[in-house]
Amino acid sequence: MLSTALIDALAPALTGLAAGLTLIVAIGSQNAFVLRSGLARHHVGPVVAVCAVSDAVLISAGVAGIGTIVTRAPVVLDVVRWGGVVFLAAYAVLSFRRAWRGGEVLDGSTAAGSTDGAGAAGPLSAAVLTAVALTWLNPHVYLDTVLLLGSLANGSEDRWAFAVGAVVASLLWFTGLGYGARLASPLFARPRAWQVLDVLIGVTMLLIAVGLARG
């Protein structure tokens, strides 16, 4: 028999799960990098962990009321915004360069040909730092997790149950995206597929950078 407290917490948790998935499941810089890491099968676990843990911290901060501080200090978001513009533009250039060079294939459990610092096939430290930058230098992350999810959580019957649901949604999404990407391995056995992917990722990063620059 489920306890009354558990039953009462279930509805807010499910609401948080649904809200979290709604905001997370979208094409963005963070998801694009996790997808590429999963396809290349490089540092998938650490990349997924960075994204999921970062979301958990941001969601918890929003539920705890940190969002109020963020709204009262817009200069913080401005600094993050312009840092994100520079980083995303640089990542877009690297993606276009990989596409131009070509020659990348999926061979067994590794992907060859991408050895630059921002690529999924680079060293672990580069992959982790890229995941951190794509998460924390994106103002939309603060708006979605800290402000929006924080507001929704504080308006629910049990805000921390709501937060748990949102955190679980983030974990499920990034794990599924990172490890599920390998299902497309047969397609990415061809160099042309990698070139198309890198062009799409480059365009995505560039569009987000332009959007951030325009405010």
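Above this note sits the structure.
Read on for an overview of the structure. (Residues numbered from 1 in each chain as written. Predicted model: local features only at pLDDT ≥ 70, side-chain atom pairs only at ≥ 80, totals over all residues. Heavy atoms only, no water.)

1. A short note on the nonpolar core
The test is simple: To qualify as a nonpolar core, a set must consist of buried Ala, Val, Leu, Ile, Met, Phe, Trp, Tyr and Cys residues joined through side-chain atoms within 4.5 Å. Per-residue accessibility, obtained with a 1.4 Å probe over protein chains only, is compared with the maximum for each type, and a residue is labelled buried under 20%, exposed over 50%, and partly exposed between these values. Secondary structure elements follow DSSP: runs of H or I of four or more residues count as helices, runs of E of two or more count as strands, with numbering from the N terminus. Contact criterion: two residues are considered in contact whenever any of their non-hydrogen atoms come within 4.5 Å of each other.
Within the largest apolar cluster, 30 residues are counted, with the highest numbers of intra-cluster contacts made by Phe 33, Val 34, Leu 88 and Met 205. For this core, the secondary-structure elements that each account for two or more residues are α2 (29-40), α3 (44-64), α5 (74-101), α6 (124-136), α8 (159-180) and α9 (191-213). Ranked by residue count, the leading element in this core is α9, at 8 residues. Residues within four places of Val 34 in sequence aside, it is in contact with Val 47, Val 48, Cys 51, Phe 174, Leu 177 and Gly 178. Among the nonpolar cores identified, the runner-up in size contains 8 residues, and Ile 59, Val 63, Ala 153 and Ala 166 belong to it.

2. Regarding the packing of α2 against α6
The condition that has to hold: All axes here are fitted lines through C-alpha atoms, helices being fitted over the stretch that makes contact, and every angle between N-to-C directions spans 0 to 180 degrees. An angle below 35 degrees is read as roughly parallel, one above 145 as roughly antiparallel, one from 65 to 115 as roughly perpendicular, and any other as oblique. Crossings are sorted by hand: turned counterclockwise from the far helix by less than a right angle, the near helix makes the crossing left-handed, and turned clockwise it makes it right-handed. Following the grouping adopted for this structure description, the nonpolar residues are Ala, Val, Leu, Ile, Met, Phe, Trp, Tyr, Cys and Pro, the charged ones are Asp, Glu, Lys and Arg, and the polar ones are all others, Gly among them.
At a minimum axis distance of 8 Å, the contact between α2 and α6 shows a crossing angle of 160 degrees. Here α2 is positioned roughly antiparallel relative to α6, judged by the angle of their axes. When you trace α2 past α6, the crossing you get is left-handed. Touching Ser 29, Gln 30 and Phe 33 of α2 are Ala 127, Thr 130, Ala 131, Leu 134 and Thr 135, all from α6. The residue inventory of the contact of α2 with α6, partitioned by class, reads 4 nonpolar, 4 polar and no charged.

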